[in-house]
Amino acid sequence: MNYEEANAYLESTIDERASPRVPARLERMRSLLRELGDPQHAYPAIHVGGTSGKGSTSTMIAAALTATGKRVGLHTKPHVTSVTERMRIDGNPIAPEAFAGLLGESMPAIERVAREETRPTYYETLLGLSLLYFARERVDVAVVEVGLGGRLDGTNVLEPIASAITNIGLDHVDVLGDTVEAIARDKVGIAKFGIPLVSDVADGPARVEIEAGCARAGAPFIAVRERSRVEPRGGTHAGQSFDVVTANARYALALPVLGGFQRRNAATAVVVLENLPEYLRPTPHDVERGLASVAIAGRMEYFPAHPSIVFDIAHNADKAANLASALREEFPAQRFAFVVAIGESKDATAIVEPLAELPASFVFTTFEVAGRPSTRPQRLASIVAQRGVAARAIADPLEAFAIARRTAGADDIVVVTGSTFIVATLRAWWLANVVAAHRR
């Protein structure tokens, strides 16, 4: 099996109509891992969930642990450039040929599970391969991001040494429930007896549910906002400097990613790291060095130009609100030209509304991915048109991007956001056609 064949097989397993709530899905994940030799038992794991920020927080934790000299596996989703990003060791994605070989080797196990139960999904297959890859490569520790929810997510097969829930917001309401309380109850399903669960969930109904879930599971509850404080020190469009202060240390962080939400993610990562077993716990210097090297594609990712570009995946209301807040903070005197595409299963109004409160124009577009339909751009344009905001509907994403850049002022900021797929498509084009040309 080569890399193209591996990708083709994975894409054939995408089916958004299948419900991720079916309990049998978790049993199927256990069956797949049994067939693969239960690789998740070969190393300690840190389990990170939440509505938003869980991928960034996982990446920060892994970077700090890598700075200690440990061999660190990292599984996050979604990917931006290549599916190989979902399984990284010391920050480096698995090589495409190694990925294809791993899937090829695993196909007999996958087929046995398919015959005895049903075929593992795209997500389950990639998670199983990640956990197997980490075992094969003898990592010292793995950081694993929850996929969706918590209780029935495929990652809930883990028996972690620490867990985290970054925050709670309304997303996947058709699956997890349409209140923050219901979503919190599902997400706290990752709590395990005797294992600390670190949470940055603010006071309110969601926190009540998280604390109650921890109590039921016998998991010590650790509140980030009670164990740390964040003291901003300034920065540039290339990054930000701030301190995270705990009872144990002051961490002077220089983070090469933007947004106040990333400061919250960094505080969560620090508190998780302080609650690891001593043999894994990094020093403050390790944390500072590790977080200074963090690179998170498609998360408030800034490219200076005329106009400048920001790529940010904001595919739920919580992420969109964080994006809007970050743009106000970083570019208080500028206008924005948004290029947006949103998946059909998402609450488009809740995503678009916080962005439409900014001084902005919009070009709405689409993406084409098997099994992942996008919302019609005309419908998206009508949402902001009702607010008196200028909007266009352009089906072709490259044309939409070109129009936004051409009509924006030289000092404006073009923001590509919404679905992972639109950010990935236009970011790849930008890197290949603009950034690469400037480097030549």
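Residues numbered from 1 in each chain as written. Predicted model: local features only at pLDDT ≥ 70, side-chain atom pairs only at ≥ 80, totals over all residues. Heavy atoms only, no water.

Where strands meet in a sheet, backbone hydrogen bonds hold them as pairs that are either parallel or antiparallel. The 3 strands are arranged 9-10-11 in an open sheet whose pairing can be described as antiparallel. Among the strands making up the open sheet, the edge pair consists of strand 9 (228-236) and strand 11 (250-255). Put simply, the sheet's adjacent strands are angled 20° from each other on average, direction ignored. Relative to strand 11, strand 10 (residues 239-246) is paired through 6 bridges, and the arrangement is antiparallel. The residue of strand 11 that forms the bridge with serine 241 is alanine 254. (Pairing = 2+ DSSP bridges. Helix = DSSP H or I, 4+ residues; strand = E, 2+ residues; numbered from the N terminus. Axes fitted to C-alpha atoms, helices over the stretch in contact; angles between N-to-C directions.)

With that settled, the discussion passes to the pattern of salt bridges. One pass over the structure, following the stated rule, counts 19 salt bridges. Notably, a salt bridge pairs glutamate 137 with arginine 71, separated by 2.9 Å at the nearest N-O pair. Taken together, the residues glutamate 137 in the loop between helix 5 (122-136) and strand 5 (141-145) and arginine 71 in the loop between helix 3 (54-66) and strand 2 (72-75) connect sequence positions 66 residues apart. Among the residues examined, glutamate 137 registers a relative accessible area of 31% and is labelled partly exposed. For arginine 71, a relative accessible area of 29% puts it in the partly exposed group. What emerges from the salt-bridge pattern is a single network uniting Arg229, Glu231, Arg233, Asp243 and Arg250. (Salt bridge = Lys/Arg side-chain N within 4 Å of Asp/Glu carboxyl O. Buried < 20%, exposed > 50% of the residue type's maximum accessible area, 1.4 Å probe, protein only.)

A word on the packing of aromatic side chains. Tallied over the full model, the rule gives 14 aromatic pairs. Measuring from centroid to centroid gives 4.9 Å for phenylalanine 338 and phenylalanine 362, while their planes differ by 15°, and the two rings are stacked. Of this pair, phenylalanine 338 sits in strand 14 (residues 336-341) while phenylalanine 362 sits in strand 15 (residues 360-364), and the two are 24 residues apart along the sequence. Residues phenylalanine 401 and tryptophan 429 carry aromatic rings whose centres are separated by 6.0 Å and whose planes lie at 85° to one another, so their mutual orientation is edge-to-face. (Phe/Tyr/Trp six-rings, centres within 6.5 Å; stacked < 30°, edge-to-face > 60°.)

Of all 6 residues that make up strand 13 (residues 308-313), 6 are buried, and the element is covered over most of its length. Bridging between strand 12 (residues 301-303) and strand 13 involves 3 bridges; their strand directions are antiparallel. Looking at strand 13, one finds that glutamate 301 is bridged to phenylalanine 311. Following strand 12, the chain reverses through 4 residues before pairing antiparallel with strand 13. Of the pairings in the sheet, the one linking strand 13 to strand 17 (residues 413-418) comprises 6 bridges and is parallel in character. Counted as the bridge partner of serine 308 is isoleucine 413 from strand 17.

A word on the sheet that holds strand 16 (residues 391-393). Taken in spatial order, the 6 strands of this open sheet run 12-13-17-14-15-16, and their pairing is mixed. The strands lining the two open edges of the sheet, one partner per strand, are strand 12 and strand 16. Here the strands of the sheet are splayed against their neighbours by 15° on average, with no regard to which way each runs.

Between helix 1 (residues 3-12) and helix 4 (residues 96-116), the shortest axis-to-axis distance is 8 Å and the interhelical angle comes to 50°. Classified by the angle their axes make, helix 1 and helix 4 are oblique. Read as a crossing pair, helix 1 and helix 4 show a hand that is left-handed. Between helix 1 and helix 4, the residues in contact are Tyr3, Ala6, Tyr9 and Leu10 and Pro96, Phe99, Ala100, Leu103, Met107 and Ile110, respectively. Grouping the amino acids of the contact of helix 1 with helix 4 by side-chain chemistry returns 10 nonpolar, no polar and no charged. (Parallel < 35°, antiparallel > 145°, perpendicular 65-115°, else oblique. Left-handed = near helix turned anticlockwise from the far one by under 90°. Contact = heavy atoms within 4.5 Å. Nonpolar A, V, L, I, M, F, W, Y, C, P; charged D, E, K, R; others polar.)

For strand 5, the tally of buried residues reaches 5 of 5 residues, placing the bulk of the element in the interior. Burial of strand 5 is two-sided: the residues Val141, Val143 and Glu145 facing one way and the residues Ala142 and Val144 facing the other way are all buried. As paired elements, strand 2 and strand 5 share 4 bridges and run parallel to each other. Its bridge partner being in strand 5, histidine 75 is matched across the sheet by valine 144.

For the pair helix 3 and helix 11 (residues 284-292), interaxial distance at closest approach is 7 Å and the crossing angle is 125°. Considering their axes alone, helix 3 and helix 11 lie oblique with respect to each other. Viewed along their axes, helix 3 and helix 11 form a crossing whose handedness is right-handed. Touching Met60, Ala63 and Ala64 of helix 3 are Asp286, Val287, Gly290 and Leu291, all from helix 11.

Tracing the sequence through the fold places threonine 166 in the loop between strand 6 (162-165) and helix 6 (173-176). One polar contact links the side chain of threonine 166 to the main-chain carbonyl oxygen of serine 52, over a distance of 2.7 Å. A polar atom in the side chain of threonine 166 sits 3.4 Å from the side chain of asparagine 167. Excluding residues that lie within four positions of it along the chain, threonine 166 makes contacts with Val48, Gly49, Gly50, Thr51, Ser52, Gly53, Lys54, Thr57, Asp200 and Val201. (Polar contact = N/O pair within 3.5 Å; in protein donor to acceptor, adjacent residues only side chain to side chain.)

This part covers the nonpolar core. Counting 39 residues, the largest nonpolar core has Leu10, Met87, Phe99, Leu103 and Phe134 as the members making the most contacts within it. Breaking this core down by element, the ones donating at least two residues are helix 1, helix 2 (24-35), helix 4, helix 5 and strand 5. Ranked by residue count, the leading element in this core is helix 5, at 9 residues. Filtering out sequence-adjacent residues up to four positions away, methionine 87 remains in contact with Leu74, Asn92, Pro93, Ile94, Phe99, Leu126, Leu129, Ser130, Tyr133 and Phe134. In this structure, Val141, Val143, Val257 and Leu280 belong to the second largest nonpolar core, which totals 38 residues. (Core = buried A, V, L, I, M, F, W, Y, C linked by side-chain atoms within 4.5 Å.)

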